[in-house]
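Structural features, examined
Spelled out from the first residue to the last, the chains are:
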Amino acid sequence: MENEFTTEIYYDDDADVSTLNDTVAVLGYGSQGHAHAQNLHDSGVDVVVGLHEGSSSRDAAESDGLTVKTPADAVAKASYVSVLVPDTVQPTVYENAIEPNLEAGDTLQFAHGLNIHYNQIQPSEDINVTMVAPKSPGHLVRRNYNNDEGTPGLLAIYQDMTGEATDEALAYAKAIGCTRAGVIETTFQEEVESDLFGEQAVLCGGVTALIKAGYETLVDNGYSPEMAYFECLNEMKLIVDLIYEDGLNGMWDSVSYTAEYGGMTRGDDIIDEKVRENMEETLEEIQNGEFAREWILENQAGRPSYNQLRKAEKNHEIEEVGEQLRDLFSWAEEE
Ligand SMILES: NC(=O)C1=CN([C@@H]2O[C@H](COP(=O)(O)OP(=O)(O)OC[C@H]3O[C@@H](n4cnc5c(N)ncnc54)[C@H](OP(=O)(O)O)[C@@H]3O)[C@@H](O)[C@H]2O)C=CC1
Ligand SMILES: CC[C@](O)(C(C)=O)C(=O)O
Ligand SMILES: [Mg+2]
Ligand SMILES: [Mg+2]
């Protein structure tokens, strides 16, 4: 039966890993890098990891059985280059190590299109530029692969110089386990704008702000911090697990009628019109490049706001309470 999706979704049968018949350089061995490099390797692809001199990731990559070279040497050896160093260092790594060692017909691949979309990297026209973006933190990309499960992903082609860019990107997506779950074809623009919006408004920014606001409201009104932690943070995972497994209705079916009625009548009072207007504003700042400009300048200035915000987040009372409570969980690992 034909599916009802308007977008193309690719699965294992649409891809052939043997298309990646030359070395793939994976630059970076962090969250995404370690997962891509190991999954590619375990899928039979020849992988070399590119890490800067003195990199703290070198030991991990080598003890995982992978060959490590400098980024420049890794790019020179490969015809397919997966750029998995942090977004903020990609332009410098591109200028110093990638561009001088790319050959016509090579492929430059990203897991997020920020630097291409906002013109921080302007690749020459004689290469392929592609994206395979897992819709998941890197550590789960590896865990899912090991459990014979997949991670959904996005695929986008910015430049197809050889005519083989899509087949190669699909091969890569299959090798890291994404076509097991489904790979949606998109554009760099759509991936960047939706990814930034999702992480700012919902997944990272929105969720942490909601948790903290709920926790603070209870504690400010005299409820115990431990109670507030379990109610607003710990149970969040259990509720999200139900939503993940069976959709919003799966969750509504599992909670009490009282929770269902209270949630359905009060939810929109919390996430009200003002919050929706804020979301529109956040999206606009992404679309018009304001957020990207701010982040680039923040990095150039040595991340003063980032460091301050990070410190405040680390020192929030909910973190202290959570650490103590999690230590008491019966399944918590012994130090
Ligand atoms: N984190 C995630 O789950 C997701 C990330 N992405 C995208 O994937 C890409 C990689 O992100 P992520 O995995 O979070 O990155 P990480 O911050 O986890 O990557 C760090 C790795 O890059 C290395 N590195 C840092 N600077 C350099 C350098 N100058 N030259 C070579 N290697 C360097 C680090 O080495 P050392 O240890 O020595 O510092 C480390 O191995 C980004 O484009 C991101 O947007 C997409 C989807 C999800
Ligand atoms: C949600 C954050 C993310 O976009 C991701 C894991 O997909 C990221 O940039 O890390
Ligand atoms: Mg994302
Ligand atoms: Mg992201």
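Predicted, not measured: the structure shown is a model, and the values here were computed from it. (Residues numbered from 1 in each chain as written. Chains lettered and ligands numbered in written order. Predicted model: local features only at pLDDT ≥ 70, side-chain atom pairs only at ≥ 80, totals over all residues.)

With that out of the way, let us pick up the overall build of the protein. In terms of regular secondary structure, the protein is built from 15 helices and nine strands. What you see for the protein is a C-alpha radius of gyration of 22 Å, in line with the 20 Å of a compact globule of 335 residues. Principal-axis analysis of the C-alpha atoms places the extent of the protein at approximately 65 × 55 × 45 Å. A buried classification covers 31% of the 335 residues belonging to the protein. Residue pairs in contact within the protein that sit at least 24 positions apart in sequence constitute 66% of those at least 6 positions apart. (Helix = DSSP H or I, 4+ residues; strand = E, 2+ residues; numbered from the N terminus. Rg over C-alpha atoms; globule rule 2.2 N^0.38 Å. Buried ≥ 20, exposed ≤ 12 C-beta atoms within 10 Å, placed from the backbone. Contact = placed C-beta atoms within 7 Å.)

What follows is about the site of ligand 1. Residues in contact with ligand 1 amount to 25 residues; listed here are only the nearest, Gly28, Gly30, Gln32, Ser55 and His112. Of all the secondary structure elements, the ones that give two or more residues to the shell around ligand 1 are α1 (31-42) and β7 (128-134). Considering every element that reaches the shell around ligand 1, the biggest residue donor is α1, with three residues. Here the shell around ligand 1 is composed, by residue class, of 13 nonpolar, eleven polar and one charged. (Near = placed C-beta within 6 Å. Nonpolar A, V, L, I, M, F, W, Y, C, P; charged D, E, K, R; others polar.)

For α1, built from twelve residues, the straight-helix expectation of 16 Å at 1.5 Å per residue is met to within 8% by its first-to-last C-alpha distance of 17 Å. Extensive coverage of α1 is indicated by the burial of nine of its twelve residues. Within α1 the residues assigned to the buried category are Gln32, Gly33, His34, Ala35, His36, Ala37, Gln38, Asn39 and Leu40. For α1, the elements touching its buried residues are β2 (24-27), β3 (47-50), α2 (58-63), β5 (80-83), α6 (138-146) and α7 (165-175). The positive-phi residue at the C-terminal boundary of α1 is Gly44, with phi of around 90°. (Expected span 1.5 Å × (residues − 1).)

Turning to the packing of helix α8 (residues 188-203) against helix α12 (residues 273-287), a few remarks are in order. Interhelical geometry of α8 versus α12 gives an angle of 140° and a closest axis separation of 10 Å. Between α8 and α12, the angle falls in the class oblique. Handedness of the crossing formed by α8 with α12: right-handed. Facing Glu193, Leu196, Phe197, Gln200 and Ala201 of α8, the residues of α12 in contact are Met279, Thr282, Leu283, Ile286 and Gln287. (Axes fitted to C-alpha atoms, helices over the stretch in contact; angles between N-to-C directions. Parallel < 35°, antiparallel > 145°, perpendicular 65-115°, else oblique. Left-handed = near helix turned anticlockwise from the far one by under 90°.)

Our focus in this paragraph is the site of ligand 2. What surrounds ligand 2 is the set Pro137, Asp195, Glu199, Leu203 and Cys204. Taken together, the residues that form the shell around ligand 2 break down as three nonpolar, no polar and two charged.

Here we take up the packing of α8 against helix α9 (residues 205-220). With their axes 3 Å apart at the nearest point, α8 and α9 run at an angle of 5° to one another. What the angle tells us is that α8 and α9 run roughly parallel. Residues Glu199, Gln200, Ala201, Val202 and Leu203 of α8 touch α9, and the partners they reach there are Gly205, Gly206 and Val207. Its residues placed into classes, the contact of α8 with α9 shows four nonpolar, three polar and one charged.

As judged from the six bridges shared by β7 and strand β8 (residues 153-159), these two strands associate in the antiparallel manner. Bridging from a neighbouring strand, Pro134 pairs with Gly153 of β8. After leaving β8, the chain enters α7 and then returns to the sheet as strand β9 (residues 183-186), a path that is right-handed. (Pairing = 2+ DSSP bridges. Right-handed = clockwise from strand over helix to strand, strands pointing away.)

We now examine the nonpolar core. Counting 61 residues, the largest nonpolar core has Val49, Leu155 and Ala173 as the members making the most contacts within it. Among the elements that line this core, the one with the most residues is α7, at seven residues. Counting seven residues, the second-largest nonpolar core is a separate cluster that includes Tyr215, Leu233, Ile318 and Val321. (Core = buried A, V, L, I, M, F, W, Y, C linked by C-beta atoms within 7 Å.)

Another aspect to go through is the environment of Ala15. Tracing the backbone through its elements, the reader meets Ala15 in the loop between β1 (9-10) and β2. With 22 C-beta atoms counted inside 10 Å, the residue Ala15 sits in the buried group. When the C-alpha atoms of Ala15 and Lys174 are compared, they prove to be 6.3 Å apart, with 159 residues separating the residues in sequence. Leave out the neighbours within four places in its chain, and Ala15 touches Tyr10, Leu170, Ala171, Ala173, Lys174 and Thr179.

What follows covers the domain arrangement of the protein. As assigned here, the protein comprises domain 1 (9-186) and domain 2 (198-328). Computed from C-alpha coordinates alone, the two centres of domain 1 and domain 2 are separated by 31 Å. (Domains from an automatic or database assignment.)

The next thing to look at is α12. With 15 residues, α12 extends 21 Å between its outermost C-alpha atoms, agreeing within 8% with the 21 Å of an ideal straight helix rising 1.5 Å per residue. After α12 finishes, the residue Gly289 shows a positive phi value of roughly 85°.

This brings us to the UniProt feature "binding site: Mg(2+) 1" (unreviewed entry) in the protein. On the UniProt side, "binding site: Mg(2+) 1" (unreviewed entry) is annotated at positions that read Asp195 and Glu199 here. In this fold, Asp195 is placed in helix α8. In this structure Glu199 touches Cys204 and Gly205, once residues within four positions along its chain are discounted. (UniProt positions renumbered as here; feature names shortened; annotations may be inferred.)

All right, on to the sheet that holds strand β4 (residues 67-69) then. A sheet is described by the order of its strands in space; here nine strands give the open sequence β1-β9-β8-β7-β6-β5-β2-β3-β4, paired in mixed fashion. Each edge of the open sheet is held by one strand with a lone partner, namely β1 and β4. Direction of pairing for β2 relative to β3: parallel, over a ladder of four bridges. Residue pairing for β3: Val26 is matched across the bridge by Val49.

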